[in-house]
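# An overview of the molecular structure
Take a look at the letters that make up each chain.
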Amino acid sequence: MVFAERLRVAQRAPGTPGSSSGWRAAARARRVTRADGAGRERTAPARRRPQADRSCRRRVAPRPGRGPGGRALVCTLPSTAMALVSINELPENILLELFTHVPARQLLLHCRPVCSLWRDLIDVVTLWKRKCLREGFVTEDWDQPVADWKIFYFLCSLRRNLLRNPCAEEDMGSWRIDSNGGDHWKVESLPGEHGTDFPDPQVKKYFVTSYGMCLKSQLVDLKAEGYWEELLDTFRPEIVVKDWFAARADCGCSYHIRVQLASADYIVLASFEPPPVTIHQWNDATWTEVSHTFSDYPPGVRHILFQHGGKDTQFWAGWYGPRVTNSSIIISPKTSRSPAPSGALPETLQGQGEAS
């Protein structure tokens, strides 16, 4: 009787009579009756479904092919799993790989002082070898000895021609005229009258002198070019000087060159000044290269003076003297030298501008 009465109540519940939804509503409303020791009935609530862990919450999220009633379960990790991890817990080879992508001056000025681990890794030879490979300064099959890879890297990164406008592309720009005899200096295009092509096809122009002495020069400030004092005084990299000259085939000439290494107060510490080169009339007008390398020079070099020029030997009006072009001053690393202590290197860089 009790069961039948409850069944009739369930059929009057919301939903279409006799439908499955009505039966489900009846099932949800059902209560379990039990008899106690006195024969009386008591109603016990239906068991409740266990709640999910509060760290996992349901969010309504439509899924492809399903209506807006589709649900997705999103799990939120406990806060203890989000604890920060120190970068120093990474393997050393991973840290080295990261350091290869940091600009060299940033490494020494800002990263090296952070801690002893970073200091030791930044001083490791492997790091600077990797940076040299990455920048293309050396190849995988490089077999020449390198005394200090850190210094080698910086010298390679600074390596360039320190003379401006060496091939007359900017007329006489960047040059100081020391002597302007005869009909003065002039810029002409290759090969010129009674001349020959230059060995490098990229060179298109040259400077030409006259019947009076013509000399021009440039003074290079090494500190302004990025070379610091300890690098110049302790490691003393090689300073390679080159120049090219030629005569007209129909006229003789005299060619002059002088290069001096000077201190901060312009005291000459080393020089290259060979005797003038005289070329006779009716020559083959070929281009000749002059080269000199300064090495093991005294400490204190801060400036380089480069001067060249000449005049013709026939004293003809016009521009019949020696032709000069493609001059260069390049500071190159040595590959076989006892390394000097590099621990003081970061201090020498303080206050300098940033570079690669």
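Just so you know, these numbers come straight off a predicted model, no measurement behind them.

### What about the overall build of the chain?
Helices and strands together make up the secondary structure of the chain, namely nine helices and 15 strands. Taken across its 356 residues, the chain has 37% of its residues classed as buried. Considering only intrachain contacts with a sequence separation of at least 6, the fraction spanning at least 24 residues in the chain is 74%. For the chain, the accessible surface area stands at approximately 21000 Å², while carbon and sulfur atoms represent 53% of it.

### Some remarks on the pattern of salt bridges
Going through the model one piece at a time under the given rule, you end up with 14 salt bridges. The salt bridge involving R112 is made with D123; its shortest N-O contact spans 2.7 Å. Of the two residues, R112 sits in the loop between α4 (104-111) and α5 (116-122) while D123 sits in the loop between α5 and α6 (125-135), which places them eleven residues apart along the sequence. Assessed through its relative accessible area of 32%, D123 is described here as partly exposed. K150 is paired through a salt bridge with D123; the nearest N and O atoms lie 3.1 Å apart. Highlighted residues: K150 in helix α7 (residues 149-158) and D123 in the loop between α5 and α6, separated in sequence by 27 residues. Residues joined in a network through salt bridges with shared partners are R112, D123 and K150.

### Some words on α4
Counting buried positions along α4 gives six out of eight residues, so the element sits mostly inside the fold. Taken together, the buried positions of α4 are A104, R105, L107, L108, L109 and C111.

### Here we look at the environment of F137
Here F137 shows up in the loop between α6 and α7. Accessibility expressed as a relative area gives 25% for F137, which makes it partly exposed. The spatial distance from the C-alpha of F137 to the C-alpha of S157 is 8.2 Å, given a sequence separation of 20 residues. Not counting the four nearest positions on each side in its chain, F137 is found in contact with C132, W142, Y153, C156 and S157.

### Considerations on the packing of α6 against α7
At a minimum axis distance of 8 Å, the contact between α6 and α7 shows a crossing angle of 25°. With respect to α7, the element α6 is oriented roughly parallel. The handedness of the crossing between α6 and α7 is left-handed. Here V125, W128, K129, K131, C132 and E135 of α6 come into contact with α7, specifically with W149, K150, F152, Y153 and F154. Partitioning the contact of α6 with α7 into residue classes produces seven nonpolar, no polar and four charged.

### Here we look at helix α3 (residues 92-99)
Among all positions of α3, only L95, L96 and F99 are buried. Seen along its axis, α3 keeps its buried residues to an arc of 100°; they face one direction. Elements that come into contact with the buried residues of α3 comprise α4, α5 and α6.

### Some thoughts on the side chain of D250
Relative to the helices and strands, D250 resides in the loop between β9 (238-246) and β10 (253-262). Judged by relative accessible area, D250 falls into the buried class, the value being 9%. A distance of 2.9 Å separates the side chain of D250 from the side chain of R248, its partner in a polar contact. What D250 contacts, discounting residues up to four positions off in sequence, is H194, Q281, W282, W316 and Y320.

Criteria and thresholds
- Residues numbered from 1 in each chain as written.
- Predicted model: local features only at pLDDT ≥ 70, side-chain atom pairs only at ≥ 80, totals over all residues.
- Heavy atoms only, no water.
- Helix = DSSP H or I, 4+ residues; strand = E, 2+ residues; numbered from the N terminus.
- Buried < 20%, exposed > 50% of the residue type's maximum accessible area, 1.4 Å probe, protein only.
- Contact = heavy atoms within 4.5 Å.
- Areas by Shrake-Rupley, 256 points an atom, 1.4 Å probe, with all protein chains shown as cover.
- Salt bridge = Lys/Arg side-chain N within 4 Å of Asp/Glu carboxyl O.
- Axes fitted to C-alpha atoms, helices over the stretch in contact; angles between N-to-C directions.
- Parallel < 35°, antiparallel > 145°, perpendicular 65-115°, else oblique.
- Left-handed = near helix turned anticlockwise from the far one by under 90°.
- Nonpolar A, V, L, I, M, F, W, Y, C, P; charged D, E, K, R; others polar.
- Arc of directions from axis to C-beta.
- Polar contact = N/O pair within 3.5 Å; in protein donor to acceptor, adjacent residues only side chain to side chain.

Any functional reading would require information that these geometric values do not contain.
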